[in-house]
Number of protein chains: 2
Amino acid sequence: MSTWVEKLDARATAAESMVCVGLDPDPSKMAITDTLEFNRRIIDATHDLVCAYKPQLAFYEAMGADGFEALRATVAHIRSVAPDVVIVGDGKRGDIGSTADAYARAMFDYFDFDTVTLHAYLGRDSVAPFLKYGGRGAIIVCRTSNPGAAELQDYVLEGTDGRTVYQRVADATEEWDNEGRLGIVVGATYPEEMSVLRAEHPGLPILIPGVGAQGGDVEAATRAGVNSDGRGVMISSSRGIIYASGSADEFDSAARDATSALRDEINRALPATSTQ
Amino acid sequence: MSTWVEKLDARATAAESMVCVGLDPDPSKMAITDTLEFNRRIIDATHDLVCAYKPQLAFYEAMGADGFEALRATVAHIRSVAPDVVIVGDGKRGDIGSTADAYARAMFDYFDFDTVTLHAYLGRDSVAPFLKYGGRGAIIVCRTSNPGAAELQDYVLEGTDGRTVYQRVADATEEWDNEGRLGIVVGATYPEEMSVLRAEHPGLPILIPGVGAQGGDVEAATRAGVNSDGRGVMISSSRGIIYASGSADEFDSAARDATSALRDEINRALPATSTQ
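Every chain is numbered independently, its residues counted from 1 as its sequence is written. Chain letters start at A and ligand numbers start at 1, both assigned in the order the entries are written. Note on the predicted model: pLDDT of at least 70 is required for a residue's local features to be given, and 80 or more for side-chain atom pairs to be given and counted; whole-chain, interface and lining totals, by contrast, use all residues.

> Describe in detail the overall build of chain A, supporting the description with residues and values.
Helix and strand definitions here come from DSSP, where helices need a minimum of 4 consecutive H or I residues and strands a minimum of 2 consecutive E residues; each element is numbered from the N-terminal end. In terms of helices and strands, chain A carries ten helices and eight strands. As a reference, a globule follows 2.2 Å times the number of residues to the power 0.38, and the radius of gyration itself is taken over C-alpha atoms. In terms of C-alpha radius of gyration, chain A reaches 18 Å, essentially the compact-globule figure of 19 Å for 276 residues. Dimensions along the principal axes, computed over C-alpha positions, put chain A at roughly 60 × 45 × 40 Å. Once C-beta atoms are placed from the backbone, each residue is buried if 20 or more other C-beta atoms lie within 10 Å of its own, exposed if 12 or fewer, and partly exposed for counts between those two. Burial analysis of chain A (276 residues in total) assigns 59% to the buried set. Residue pairs are scored as contacts if the distance between their C-beta atoms, which are placed from the backbone, is within 7 Å. Once local pairs closer than 6 in sequence are excluded, the contacts in chain A between residues at least 24 apart make up 72%.

Here it is as structure tokens:
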């Protein structure tokens, strides 16, 4: 069994890219109105430059049933033109029992994602159903990049030798699977916290949102996040790529240019000792 | 502006009911195959006995776009036959920025829920977009009833005079809105913790899942959860009601009987001093 993490590593190596493009279609910003066609053109223009695509489910849900259809067709299109690219369903679900089972069916059977983002506030019970699908898995929301993150995530837990809430989440993520199918989400705006998490969890893949429009520094995030092989991260940008141009004729070529620039920026930041 | 919490209180008073029926259609359990028809018959048979319906989004998502259509039509049917009943979209979303805005559009503009469940791991930024819709609001996942809940929720936070993670979530919920549009989710299986939360937050509505199939004791949960008026809770049962009978002819009347029995069990448990 090959896992999504192995697929990611192979793809990052082959494409020399740790760029993840966020496919977050917003009708108020898209250069054309058809969601599937918008995504197809972005994918066709960028897939040789990326290691992953990450559709954010909220944007499709806001379009209702039509959005669900468009998302499913988008995943099928990626499978068709770029089968080696990892597809991350960013839905941040978090529930238990038969409900978590149903979420896993939606994410893996209906949409066919390789991996999904999850909230782990409910503990291992909320993650286990996503580990029943062979090499598929999940990425647990750990430390986010927004101001409100500190309201809960930064507290230190009594009796843990100084572990914060978000460190506890990362520790638990390691405990919940022995087969390397879980990762963590760490926002780009806190490279110091990311460095600590990387040192403590050398093997966990890290999904890094928050570069570009959200203000995270690419060089700092890359250096803080990569593993000892100079890989192990997906650096995700959405608005900076898919809305790089508002022109119906040129938004896809502009997306390609922005993806290429981000890929280069990441690769330039890699420590010289890494193998990539 | 009337809030969903005021609507809930008025409905609980008028119907003398704190029963919330979970509309969680599972194709492997439903007595008939058509999801919308299944929900319509449950709703038609029970709406005079309930204060709320709570569709669990996972079950609809697992059916894909058709499930989304069925859920939207289910909400419209409730609005049509029982406009005074509160409709809770149980999706436990939790994200920030433009993504949280998109989730709010999905939940309120597309589905037309009165309120939704949310994860608050990302802090107030993940809740604020749901407070931009007049009297609508949200119910924050606080203390769940599953074994894994203790892996994070029960830790005590340093520097807080002994507050646990879940108490901090309840405290933050109070801080995030001055207009009474937020509540908390507390599982039925921990009545002691619920008593403490109720004492600390006399005004917060509490959504209580976990009775019936999940093993929570109705009497204990009711006594622990109600406010000083003997209301302020939604006690939610799904499987025990909607799958009370596997007969295509009788599942709706069996659901009515189960709803009525739960309503009576809750009302018998009310403290004699309450006004209901």
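Back to the text.
> Before we move on, could you go through unusual backbone geometry and cite the residues and values that matter?
All names here are of chain B. Although it is not a glycine, Lys-92 adopts a positive phi angle of roughly 45 degrees. Along the polypeptide, Lys-92 turns up in strand 3 (residues 86–93). For Lys-92, a count of 26 C-beta atoms within 10 Å gives the class buried. Non-glycine residue Asp-161 carries a positive phi angle of around 60 degrees.

> I'd like a description of the relation of the copies chain A and chain B, backed by residues and values.
The two copies are related by a screw operation: chain A maps onto chain B through 180 degrees of rotation and 0.0 Å of translation along the axis, at an RMSD of 0.0 Å. The symmetry that links the two subunits is that of a two-fold axis. Comparing interface residues between copies, 100% of those in chain A also lie at the interface in chain B; the contact surface is shared. Copies overlap after least-squares fitting; the atoms used are the C-alpha atoms of residues with pLDDT of at least 70 in both.

> Let's hear about the sheet that holds strand 4 (residues 115–118) of chain B: which residues, and what values?
Paired strands, as defined in this entry, are two strands with at least two bridges between them according to DSSP. The parallel closed barrel is built from eight strands, whose spatial order is 1-2-3-4-5-6-7-8 (chain B). The sheet shows a mean angle of 30 degrees between the axes of neighbouring strands, direction not considered. Orientation is described by axes fitted as lines to C-alpha atoms, over the contacting stretch for helices, and by angles from 0 to 180 degrees between their N-to-C directions.

> Report on the nonpolar core, specifying residues and quantitative values.
Only buried Ala, Val, Leu, Ile, Met, Phe, Trp, Tyr and Cys residues enter a nonpolar core, and they are joined through C-beta atoms within 7 Å. A:Cys51, A:Ile140, B:Cys51 and B:Ile140 are the most contacted members of the largest nonpolar core, which has 186 residues in total. Setting aside chain neighbours within four positions, we find A:Ile140 in contact with A:Leu118, A:Ala120, A:Val169, A:Thr173, A:Leu182, A:Ile184 and A:Val185.

> Pulling in residues and values, what's your account of the pairing of strand 2 (residues 52–55) of chain B?
Taken residue by residue, a regular strand's side chains alternate between the two faces of the sheet. Residues and elements named next belong to chain B. What you see with strand 2 is no split at all: Ala-52 and Lys-54 on one side and Tyr-53 and Pro-55 on the other are buried throughout. Pairing geometry for strand 1 (residues 19–23) and strand 2, over four bridges, is parallel. Following the sheet pairing, Cys-20 is matched in strand 2 by Ala-52. Crossover handedness is defined here as right-handed if the route from the first strand over the helix to the second strand goes clockwise, with the strands pointing away from the viewer. After leaving strand 1, the chain enters helix 2 (residues 35–46) and then returns to the sheet as strand 2, a path that is right-handed. Relative to strand 3, strand 2 runs parallel, the two sharing two bridges. The residue of strand 3 that forms the bridge with Tyr-53 is Ile-87.

> Describe in detail the pairing of strand 6 (residues 182–186) of chain B, supporting the description with residues and values.
Residues and elements named next belong to chain B. By the criterion of burial, strand 6 is predominantly enclosed, with five of the five residues buried. Both faces of strand 6 are covered, namely the face carrying Leu-182, Ile-184 and Val-186 and the face carrying Gly-183 and Val-185. In this sheet, strand 6 lies alongside strand 5 (residues 137–143) in parallel orientation, the contact comprising five bridges. Bridging from a neighbouring strand, Ile-139 pairs with Gly-183 of strand 6. Direction of pairing for strand 6 relative to strand 7 (residues 206–208): parallel, over a ladder of two bridges. When the sheet's bridge partners are listed, Val-185 is paired in strand 7 with Leu-207. In this region the chain leaves strand 6, passes through helix 7 (residues 191–200) and returns to the parallel neighbour strand 7; the handedness of that crossover is right-handed.

> Talk me through helix 2 (residues 35–46) of chain A; I want residue IDs and the actual numbers.
A rise of 1.5 Å per residue sets the reference length of helix 2 of chain A, with its twelve residues, at 16 Å; its end C-alpha atoms lie 17 Å apart and thus fit the reference within 8%. Among the structural elements, strand 1 (19–23), strand 2 (52–55), helix 4 (65–81), helix 9 (239–242) and helix 10 (251–269) of chain A are those in contact with the buried residues of helix 2 of chain A. Expected span of a helix, by definition, is 1.5 Å for each gap between consecutive residues, and there is one gap fewer than residues.

> Residues and numbers for the packing of helix 8 (residues 218–225) of chain B against helix 10 (residues 251–269) of chain B, please.
All names here are of chain B. Following both chains from N to C, one finds helix 8 and helix 10 inclined at 55 degrees, their axes separated by 8 Å at the closest point. Put simply, helix 8 runs oblique to helix 10. In the crossing of helix 8 with helix 10, the sense of the turn from one axis to the other is right-handed. Residues Val-218, Glu-219, Thr-222 and Arg-223 of helix 8 lie in contact with helix 10, whose contacting residues are Leu-262, Glu-265, Ile-266 and Ala-269. Polar here means any residue outside two lists: the nonpolar Ala, Val, Leu, Ile, Met, Phe, Trp, Tyr, Cys and Pro, and the charged Asp, Glu, Lys and Arg; Gly therefore counts as polar. When grouped by side-chain class, the residues that make up the contact of helix 8 with helix 10 number four nonpolar, one polar and three charged. Relative orientations are named as follows: roughly parallel for angles under 35 degrees, roughly antiparallel for angles over 145 degrees, roughly perpendicular for angles from 65 to 115 degrees, and oblique for any other angle. Helix crossings get a hand from a simple test, with the near helix turned counterclockwise from the far one by less than a right angle marking a left-handed crossing and a clockwise turn marking a right-handed one.

> Quick rundown of the interface of chain A and chain B? Include the residues and the values.
If you look at the interface, chain A gives 48 residues, while chain B gives 48 residues. Mapped onto the side of chain A that touches chain B, the elements with two or more residues apiece are helix 3 (57–61), helix 4, strand 3 (86–93), helix 5 (97–110) and helix 6 (165–175) of chain A. Considering only residue class, the side of chain A that touches chain B consists of 23 nonpolar, twelve polar and 13 charged.

> Pulling in residues and values, what's your account of the sheet that holds strand 8 (residues 233–237) of chain A?
Strand order in the closed barrel made by the eight strands is 1-2-3-4-5-6-7-8 (chain A), with parallel pairing throughout. Neighbouring strand axes in the sheet, compared pairwise and without regard to direction, differ in orientation by 30 degrees on average.

> Tell me what's going on with the environment of A:Gln167, and back it up with residues and numbers.
Residue and element names in this part refer to chain A. Relative to the helices and strands, Gln-167 resides in helix 6. We classify Gln-167 as buried; it has 22 C-beta atoms within 10 Å. Taking the C-alpha atoms as reference points, Gln-167 and Val-127, 40 residues apart in sequence, are found 17 Å from one another.

> Describe helix 1 (residues 4–15) of chain B, with residues and values.
Side chains three or four residues apart in an α-helix point the same way, a direct result of the helix having 3.6 residues per turn. Residues and elements named next belong to chain B. Between the first and last C-alpha of helix 1 there are 16 Å, a value that for twelve residues agrees with the 16 Å anticipated at 1.5 Å per step. Among all positions in helix 1, only Trp-4, Val-5, Lys-7, Leu-8, Arg-11 and Ala-12 are buried. Down the axis of helix 1, the buried side of the element spans an arc of 155 degrees, and every buried residue falls inside it. Structurally, helix 1 contributes buried residues whose contacts are with strand 2, strand 3, strand 4, strand 5, strand 6 and strand 8 (233–237). Where helix 1 terminates, the next one or two residues include Glu-16, which has phi positive at roughly 45 degrees. Here the arc refers to the set of directions running from the helix axis out to each C-beta atom.

> Explain the environment of B:Met234 to me, using residue names and the numbers behind them.
Residues and elements named next belong to chain B. Along the chain, the position of Met-234 falls in strand 8. Accessibility expressed as a C-beta count within 10 Å gives 29 for Met-234, which makes it buried. Residues Met-234 and Ala-58 lie 176 residues apart in sequence; the distance between their C-alpha atoms is 20 Å. Discounting residues that sit within four places of it in the chain, Met-234 has contacts with Leu-8, Met-18, Cys-20, Cys-51, Ala-52, Leu-207 and Ile-208.

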